[in-house]
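# Structural description and commentary
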Amino acid sequence: MEMFISGACHCGSIKYQAAVNPEQVIICHCEDCQQLSGSAFRTVVMSKEVTFIQGTPKEYIKIAESGNRRAQGFCGDCGSALYATSVDHPSINTTKVYGLRVGTIKEKNQLTPKVHIWCRSAQAWLKQMPTMKMFDCGPN
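Here's a quick rundown of the structure. Quick caveat, the model's predicted, so the values are computed rather than measured.

### Things to note about the overall build of the chain
- Helices and strands together make up the secondary structure of the chain, namely 1 helix and 10 strands.
- For 140 residues, the compact-globule formula gives about 14 Å, and the C-alpha radius of gyration of the chain, at 16 Å, lands near that figure.
- By its C-alpha atoms, the chain is 50 × 35 × 35 Å across when sized along the principal axes.
- For the chain, buried positions account for 34% of its 140 residues.
- Within the structure as shown, the chain displays about 9,200 Å² of accessible surface, and the carbon and sulfur contribution to it stands at 52%.

Written out as C-alpha cells, the structure is:
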C-alpha cells in the first residue's frame, strides 16, 4: 500500500515528493541518528524513489556502525535533515532506498511508527514519557 507524500526543508529551499509505504515507519535509536538529529531518536519512512521538485540537497557521507557508507541528505541553507541512503557502489547494482525524515513530510500525522530499532542505544528516560507533564504551548 503506497501513499504519496510531499516534503520540504525548514526554509523551503528544497521540496520533494515520494511514494512511501506507511507500514514502513521506523524509530531509530542508534547513536548516529541521535547525534545527526540532535534528539533522542529519529523517525523515518522508507521510499525507493524521491523526486526533488525544488533545490538540490547536499550530502554528507557517514560510515555507520554497521560499516556501511550512508549518504545523509540535508538542506545547505537551513541544515534540515531530509534523508539517508546508501552510497552507490560501482560493482553492485542495487536500488537505493531512502530513509526520509518524517519531520520534513507534510503528511507526517498519517505516518505512525511501527517499529523501534537499535534499542540498545535508546535513552533510558524515554520510558518515563507517558508519565511526564504535558503542556499546550501554542496554537498548533
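### Concerning the environment of Gly-99
- Position of Gly-99 among the secondary structure elements: in strand β9 (residues 98–101).
- For Gly-99, a relative accessible area of 4% translates into the label buried.
- For the pair Gly-99 and Ala-84, spaced 15 residues apart in the sequence, the C-alpha separation amounts to 5.2 Å.
- What Gly-99 contacts, discounting residues up to four positions off in sequence, is Val-44, Val-45, Met-46, Leu-82, Tyr-83 and Ala-84.

### Side note on the sheet that holds strand β5 (residues 50–54)
- Ordered in space as β1-β2-β5, the 3 strands form an open sheet in which the pairing is antiparallel. Two strands lie at the open edges of the sheet, namely β1 (3–8) and β5, each paired on one side alone. The average angle at which neighbouring strand axes cross in this sheet is 25 degrees, direction not considered.
- Here strand β2 (residues 15–20) pairs with β5 via 4 bridges, running antiparallel. Across the sheet, the residue bridging to Tyr-16 is Phe-52, located in β5.

Criteria and cut-off values
Residues numbered from 1 in each chain as written. Predicted model: local features only at pLDDT ≥ 70, side-chain atom pairs only at ≥ 80, totals over all residues. Heavy atoms only, no water. Helix = DSSP H or I, 4+ residues; strand = E, 2+ residues; numbered from the N terminus. Rg over C-alpha atoms; globule rule 2.2 N^0.38 Å. Buried < 20%, exposed > 50% of the residue type's maximum accessible area, 1.4 Å probe, protein only. Areas by Shrake-Rupley, 256 points an atom, 1.4 Å probe, with all protein chains shown as cover. Contact = heavy atoms within 4.5 Å. Pairing = 2+ DSSP bridges. Axes fitted to C-alpha atoms, helices over the stretch in contact; angles between N-to-C directions.

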